[in-house]
Amino acid sequence: MNDALTHEVLNQPPPVADHDAFTADPWLVAAVERCGVADVAPQASALGRFVGSAEAQRHAELANREAPRLRTHDRFGNRVDEVEYHPSYHALMEFGMEAGVHSIAWKRGRGGFSTHAALFYLWNQLEQGTACPVTMTFASIPVFAHAPELEREWRAKVLADAYDPRSLPHAGKRGVTIGMAMTEKQGGSDLRAVRTRAIAQPGGEYLLIGHKWFCSAPMSDAFFTLARLEDKVTCFLVPRMLDDGSRNPFFIQRLKDKCGNRSNASAEIEYRGTHARLVGEPGRGIATLIEMAHHTRFDIVVGAAGMMRAALNAAVHHAHHREAFGRKLEQQPLMANVLADLALETEAALLLAFRLAQAFDDARAGDAKANELQRALTPIAKYWLCKRLPPVALEAMECLGGNGYVEESAAARLYREAPLNGIWEGSANVICLDVLRALSRSDAAFAALADESAAAPDPRIRRRIEWAAARLADRATAESDARSVVEALALGIEASLMLRFSDPSAAEAFCVSRLDSPGSGRAFGTLPGAANCGSIVERARLRLG
Ligand SMILES: Cc1cc2nc3c(=O)[nH]c(=O)nc-3n(C[C@H](O)[C@H](O)[C@H](O)COP(=O)(O)OP(=O)(O)OC[C@H]3O[C@@H](n4cnc5c(N)ncnc54)[C@H](O)[C@@H]3O)c2cc1C
């Protein structure tokens, strides 16, 4: 008996060969063309080749497996407050920052947000821990605009397309990253509960005293933070290193042991006489930082759509190669239904994310209606894609069978990562209440959403939007109905986008299953029998050459 025979590997899918995750994805290529930014192809392709490489996938695995470690003191007992990352984390950060994922939106004129969306969509198919400092750095630019002097000092370094992890004053660095520290023990959603104090010093500086319960990427070069100046909740910038090269008293007390997002350190920090500079007007701190959150929410929409793409790709690849009961899994009618349903969800998410990016671009170019749309649609899309991502990740994992539940597959990491986007930058209820407030303040916001969904005239969509309008009008129940209203609006717009930009039979399968089929919608794999699952999956497949 030859022992080696027991180890013959049969019926296991091959690894996905190195590929360009941009050019292989026809949906993404079409999305950038629709947004008028087809010229981003060389940059997207360079990033796509990295994202689709075995080398980058290995970095992503290692950066998460070898989680960051906190060093509070050196061997002589001096406080150092350093987080040590695995070299793979640095390799990823270097590639992402040099590719300009964080900066392209601001450096490019027209179409900047759409180009950023293309890069960030790709990045989120690879690794999400590094996406956190990248997105915070991206979103810092509108906040710097509230402090012209700080903007002059920091903006060029933020946009430098260089990753420089050294602990140095920002002036001596090739590039910087920016974090934010708002959440305290007693309140994260309700930032009016902030207790950190700011004490004015002669010369216009401030010293902070307080504790922050969550501060991700604590090796960032500076942090936007909230503190009470007298009684006013105010925004400040806290550099990690001071201009004279000494450390700002910025104490990293411990790192959170998280469910996912393990490559990224998230810390509890303490301010004790920590130097800070004022950002914006005293008392306008929450409003100032909401501007940052609006942009990180935009990124969450794009990132969640990218993560769905990664989950779908893994499922489609596995089912294409694996056989059971004498046929490829993808040829089994029920598996084809599951894959097709996942594909519809993923395509609708991509269309929603890029429609939002386009609205950001048009708003920046001065289009008032696009501005209403991007303001209202950002929280709606954030809510909805964050609610859809965990079940997509779960279902895709299940498509891989036991292999999906094993850490060597990226599916397991994606599954643990999936809920986080729904929690930070406004948890679901808080987001829905934001939507409610925005819609009650401005009729124009609802009109922009209604017009967007009506761009594909379909009675099923119209009924949803009318239903949402009626629920909103009932002041007594609007708050407890907020999730249903936001879901109706999100689905109405997704369906409209599918009807306009997807294949007609895929769009019809989306509308039937999401808008009016009693047997569909609670789990994936419940498309009605008439759906052409085979062709829907075929459209979703990466073009791997
Ligand atoms: C991994 C990770 C990293 C993070 N990094 C950072 C960071 O870098 N900087 C930072 O400042 N914060 C960070 N956070 C904190 C995060 O932003 C907060 O956890 C989040 O805003 C929720 O705040 P909370 O934890 O205090 O929960 P709470 O505010 O107590 O909310 C708990 C629940 O109650 C719901 N809720 C709240 N108000 C209402 C209401 N009026 N009606 C109905 N429901 C309501 C919320 O939706 C939520 O589901 C991080 C969190 C995590 C998990």
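In this text the structure is predicted, and so the values were computed from the model without any measurement.

Peer 1: I'm lost on the overall build of the chain in this one. Help?
Peer 2: Check the secondary structure of the chain and you find 20 helices and 11 strands. Computed over C-alpha atoms, the radius of gyration of the chain comes to 24 Å, within 12% of the 24 Å expected from 2.2 N^0.38 for 545 residues, which places it in the range of a compact globule. With the C-alpha coordinates aligned to their principal axes, the bounding extent of the chain is approximately 75 × 75 × 40 Å. For the chain, the residues scored as buried account for 57% of the 545 residues in total. Total accessible area on the chain stands at roughly 22,400 Å², and carbon and sulfur atoms take up 53% of it. In the chain, 62 side chains carry a positive charge and 66 a negative one; their mean positions are 3 Å apart.

Peer 1: Which parts of the structure should I look at to understand the environment of N264?
Peer 2: The topology assignment puts N264 in the loop between β8 (250–255) and β9 (266–279). Exposure remark for N264: the relative accessible area of 1% places this residue in the buried category. Separated by 136 residues in sequence, N264 and Q128 have C-alpha atoms that sit 8.3 Å apart. A polar atom in the side chain of N264 sits 3.0 Å from the side chain of N261.

Peer 1: Before we go on, may I ask you to explain the packing of helix α10 (residues 285–321) against helix α12 (residues 368–399) in this structure?
Peer 2: The relative placement of two packed helices is expressed as an angle between their axes plus a distance between the axes. Running from amino to carboxyl end, α10 crosses α12 at an angle of 25°, the nearest separation of the two axes being 8 Å. As judged from the angle between their axes, α10 and α12 are roughly parallel. Seen along the crossing, α10 lies across α12 with a hand that is left-handed. Across the contact of α10 with α12, the residue classes tally to 17 nonpolar, 4 polar and 5 charged.

Peer 1: How should the site of the ligand be read in this particular structure?
Peer 2: Around the ligand, the surrounding shell holds 20 residues, and the nearest of these are M182, T183, G188, S189 and S216. In this structure, M180 approaches the ligand through a main-chain N or O atom, which is 2.9 Å from a nitrogen atom. Where the shell around the ligand is concerned, the elements lending two or more residues are β3 (178–181), β5 (206–216), α14 (420–423) and α15 (428–441). Residue composition of the shell around the ligand, grouped by class: 10 nonpolar, 8 polar and 2 charged.

Peer 1: What is the right way to look at the side chain of T135 in this model?
Peer 2: Checked against the element boundaries, T135 lands in helix α7 (residues 131–139). Setting aside anything within four residues of it in sequence, one finds T135 in contact with F120, T296 and D299.

Peer 1: What is the right way to look at the packing of aromatic side chains in this model?
Peer 2: Between two aromatic rings, the relevant description is the distance of the centres plus the angle of the planes. Taken as a whole, this structure holds 15 aromatic pairs when the rule is applied. Plain terms: the ring middles of F50 and W123 are 6.3 Å apart, the flat faces sit at 15° to each other, and that makes the pair stacked. With F50 in helix α2 (residues 41–51) and W123 in helix α6 (residues 112–126), this pair connects stretches of sequence that are 73 residues apart. For the pair shown, F50 and W123 are each scored as buried. These aromatic residues form a ring-pair network of at least three members: W106, F113, F138, F298 and F360. Sitting over the ring of F501, R34 keeps its end group 4.6 Å from the ring centre. The cationic tip of K256 hangs over the ring face of W213; the distance from NZ or CZ to the ring centre is 3.4 Å.

What counts as what
- Residues numbered from 1 in each chain as written.
- Predicted model: local features only at pLDDT ≥ 70, side-chain atom pairs only at ≥ 80, totals over all residues.
- Heavy atoms only, no water.
- Helix = DSSP H or I, 4+ residues; strand = E, 2+ residues; numbered from the N terminus.
- Rg over C-alpha atoms; globule rule 2.2 N^0.38 Å.
- Buried < 20%, exposed > 50% of the residue type's maximum accessible area, 1.4 Å probe, protein only.
- Areas by Shrake-Rupley, 256 points an atom, 1.4 Å probe, with all protein chains shown as cover.
- Lys, Arg positive; Asp, Glu negative; His and termini not counted.
- Charge placed at Lys NZ, Arg CZ, Asp CG, Glu CD.
- Polar contact = N/O pair within 3.5 Å; in protein donor to acceptor, adjacent residues only side chain to side chain.
- Axes fitted to C-alpha atoms, helices over the stretch in contact; angles between N-to-C directions.
- Parallel < 35°, antiparallel > 145°, perpendicular 65-115°, else oblique.
- Left-handed = near helix turned anticlockwise from the far one by under 90°.
- Nonpolar A, V, L, I, M, F, W, Y, C, P; charged D, E, K, R; others polar.
- Near = heavy atom within 4 Å.
- Contact = heavy atoms within 4.5 Å.
- Phe/Tyr/Trp six-rings, centres within 6.5 Å; stacked < 30°, edge-to-face > 60°.
- Lys NZ or Arg CZ within 6 Å of the ring centre and 35° of its normal.

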